[in-house]
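# Coordinate analysis (summary)
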Amino acid sequence: MKFEDLLLEIGGFGRFQILILFILCLPRINLPMHFLLHNFLAATPSHHCAIPYQEAFVNLTMEEVRLISIPQEPDGTFRSCEMFSQPQFHLLLNSSLQPQNSSIQHCQHGWVYDHSQFTSTISTQWDLVCEQRGLNQATATFFFIGVTMGAVVFGYLSDRFGRKAMLLLSLVCSVVFGMLSAASISYSMLAITRTLTGVGLSGVSLIVLPLGMEWVDIQHRTFSGILTSIFWSVGNMLLAMVAYLVREWHWLLVAVTGPCLLSIVCLWWVPESARWLIANGRVKEAHRHLLRCARMNGRKDFTVSPEALRKMVTDKKPGESYSYISLFRTPVLRKISLCSGAVWFGVAFSYYGMSMNLTGFGLSMYLSQFVFGIIEIPAKMFMYMLVNRVGRRQCQAWTLILTGLCIGANVIIPKPFTTLRSVVAVMGKGFSEAAFTTVFLYTSELYPTVLRQNGMGYTSFVARLGGALAPLVFLLDEVWGSLPEVTYCGVAVCCGSVAFLLPETLNVRLPEGIEDIEKAQVKGPPQVSAPKSMPLQPLLK
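The rules behind each value
Residues numbered from 1 in each chain as written. Predicted model: local features only at pLDDT ≥ 70, side-chain atom pairs only at ≥ 80, totals over all residues. Heavy atoms only, no water. Salt bridge = Lys/Arg side-chain N within 4 Å of Asp/Glu carboxyl O. Helix = DSSP H or I, 4+ residues; strand = E, 2+ residues; numbered from the N terminus. Buried < 20%, exposed > 50% of the residue type's maximum accessible area, 1.4 Å probe, protein only. Core = buried A, V, L, I, M, F, W, Y, C linked by side-chain atoms within 4.5 Å. Contact = heavy atoms within 4.5 Å. Disulfide = S-S within 2.5 Å.

### Considerations on the pattern of salt bridges
For the structure on display, the rule yields 10 salt bridges. The partner of R133 in a salt bridge is D477, with the nearest N and O atoms 3.3 Å apart. One end of the pair, R133, is in helix α6 (residues 133-161); the other, D477, is in the loop between α20 (452-473) and α21 (483-498), with 344 residues separating them in the sequence. We classify D477 as partly exposed; its relative accessible area is 32%. Between E445 and R392 there is a salt bridge; the shortest N-O distance is 2.9 Å. Taken as a pair, E445 in helix α19 (residues 418-446) and R392 in helix α18 (residues 392-412) lie far apart in primary sequence, 53 residues in all. When salt bridges that share partners are traced, they join D159, R163, E214 and R452 into one network.

So, in structure tokens, the structure goes:
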């Protein structure tokens with residue numbers, strides 16, 4: 001008997017599974033509120049050099065003081081990082097005249113910021129502008145470096161010590177380091193605590209979907225994946241509203257970290273994965289959870305002995321343990337790991353490249369964030385129907401390729417066409433989210449139970465490398481204004497093409513051991529037909 005057959009007997013998608021999925025969706029809301037927080041935490045308002053001895057110009061308006069003190073761009077705006085070494089009073093008569101007897105120099109006395117949109121950000125707190133602009137962008141990179149390290153740590157630990165315990169640990173770490181970030185008194189402290197917050201949140205991102213999916217039958221596997229993904233979009237929209245209401249960066253960090261406490265409390269009602277317990281020989285615990293599931297789902301006549309569960313053996317030998325190296329030992333698994341890693345890199349690189357460019361499409365930051373969040377929901381609904389008809393592989397490849405093409409299209413469309421650019425950007429964001437939704441579901445189906453969290457940890461590690469590099473690519477605009485978009489486009493198209501090399505997993509049993517992966521390549525994947533009373537494509541309610 002396979003575990004999927006056992007799930008059907010106890011109710012593969014009843015009240016028990018719905019409760020688990022709902023609780024696991026709560027921490028999903030928190031993830032985008034931190035992963036995309038850089039847009040508001042490190043926002044750089046308009047600024048110019050601080051002008052010394054302003055009190056000497058009492059007869060001049062503020063606009064006139066700026067005119068004689070700060071050079072102008074060709075479009076008439078004042079430069080952000082330069083000033084005149086001497087006041088240019090003759091410009092009051094004709095602003096088109098050239099500066100006299102004066103050299104242009106970098107800001108010598110700090111900066112003055114426009115606080116109409118933000119009370120304070122880390123940019124205004126520590127003057128992370130002009131020559132220090134790289135440090136501002138690096139804040140997001142530090143966070144994703146933490147997420148990258150967390151993917152390795154929690155991917156291994158959750159396969160070794162269980163999904164639930166590591167999920168609880170990751171939530172606690174997220175709360176502790178998130179609050180310490182809000183209390184940062186220096187840039188160095190913020191960089192360290194944001195990195196450690198990323199480590200904690202990586203465990204949440206990594207464990208939530210597999211833990212829920214391992215309790216759900218094949219027919220509802222897609223639904224559970226899309227449902228948890230929709231809560232990411234909810235968090236996206238909530239971030240826009242929270243950031244609009246909280247304009248001070250310390251309190252913004254508190255506001256997006258606090259909800260993790262609710263997730264910690266609710267996790268009490270989530271059981272450990274019975275699949276993982278059986279695979280690791282903890283049959284009595286699995287037996288207890290399965291009986292609880294059957295009772296809650298109304299299957300009171302269900303009985304199964306611990307001895308029967310022990311017969312659900314995998315290819316794991318006594319005393320044998322698995323690590324990330326196991327992902328590359330056998331030929332089929334090696335190919336899957338290399339290709340899925342490339343796909344994850346492309347998905348994350350293009351997604352965060354678009355998500356962190358809120359001001360490049362002609363809309364306000366808050367509206368862009370909200371629109372980018374709300375467009376993800378129909379994209380996920382569409383993918384829910386499409387992946388069950390077209391298959392995971394085709395959906396993964398084409399959504400990522402189309403993301404790249406939309407990014408590339410905005411390189412060609414002139415900037416005065418703001419409406420068209422915004423429409424193309426929203427379409428690209430929809431395709432990007434569809435690619436992210438698919439890759440979570442697809443990857444969790446590619447790896448066997450004994451290596452699933454290691455596989456998710458490895459792919460998440462590669463993805464976070466993409467996420468860490470994405471904000472730094474914006475610095476390439478100093479070489480050529482469109483180079484960042486061209487880079488995002490090229491990477492997305494190339495990595496999307498790699499997805500065609502992966503095997504299809506539509507309506508295929510989750511593999512339990514490595515042998516299931518290797519044999520499937522030779523014999524073909526074991527197809528599963530749903531019971532007559534349970535259609536393969538259940539209606540979304």
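### Structural notes on unusual backbone geometry
Only a minority of non-glycine residues have a phi that is not negative, and only a minority of peptide bonds are not trans. One non-glycine residue, D127, lies in positive phi territory at about 55 degrees. Locating D127 in the fold gives a position in the loop between α5 (122-126) and α6. On the basis of relative accessibility, which here comes to 26%, the residue D127 falls in the partly exposed class. Phi at C130 takes a positive value of approximately 55 degrees, unusual for a residue other than glycine. Among the structural elements, C130 can be located in the loop between α5 and α6. Since its relative accessible area comes to 18%, C130 is described here as buried.

### Focus: the nonpolar core
Core analysis: the largest hydrophobic core is formed by 118 residues, its most contacted members being F35, L167, Y352 and F436. The element that contributes the greatest number of residues to this core is helix α15 (residues 331-355), accounting for 13 residues. With residues up to four places along the chain from it excluded, the contact list for F436 reads W344, V347, A348, Y351, Y352 and R464. Grouped together as the second largest cluster of nonpolar side chains are 7 residues, M83, C107, V129 and C130 included.

### Topic: the state of the cysteines
A complete count under the given rule lists 2 disulfides for this structure. Note on cysteine connectivity: C49 is disulfide-linked to C107, with sulfurs 1.7 Å apart. Linking C49 and C107, the disulfide has an S-S dihedral of approximately -70 degrees and is accordingly described as left-handed. Within this pair, whereas C49 is found in strand β1 (residues 47-49), its partner C107 is found in the loop between β3 (104-106) and β4 (111-113), the two being separated by 58 residues in sequence. Residues C49 and C107 agree in their burial class; the two are buried. Put simply, C81 and C130 are joined by a disulfide, and their sulfur atoms are 1.9 Å apart. Across the S-S bond of C81 and C130 the torsion is about -95 degrees, and the bridge reads as left-handed.

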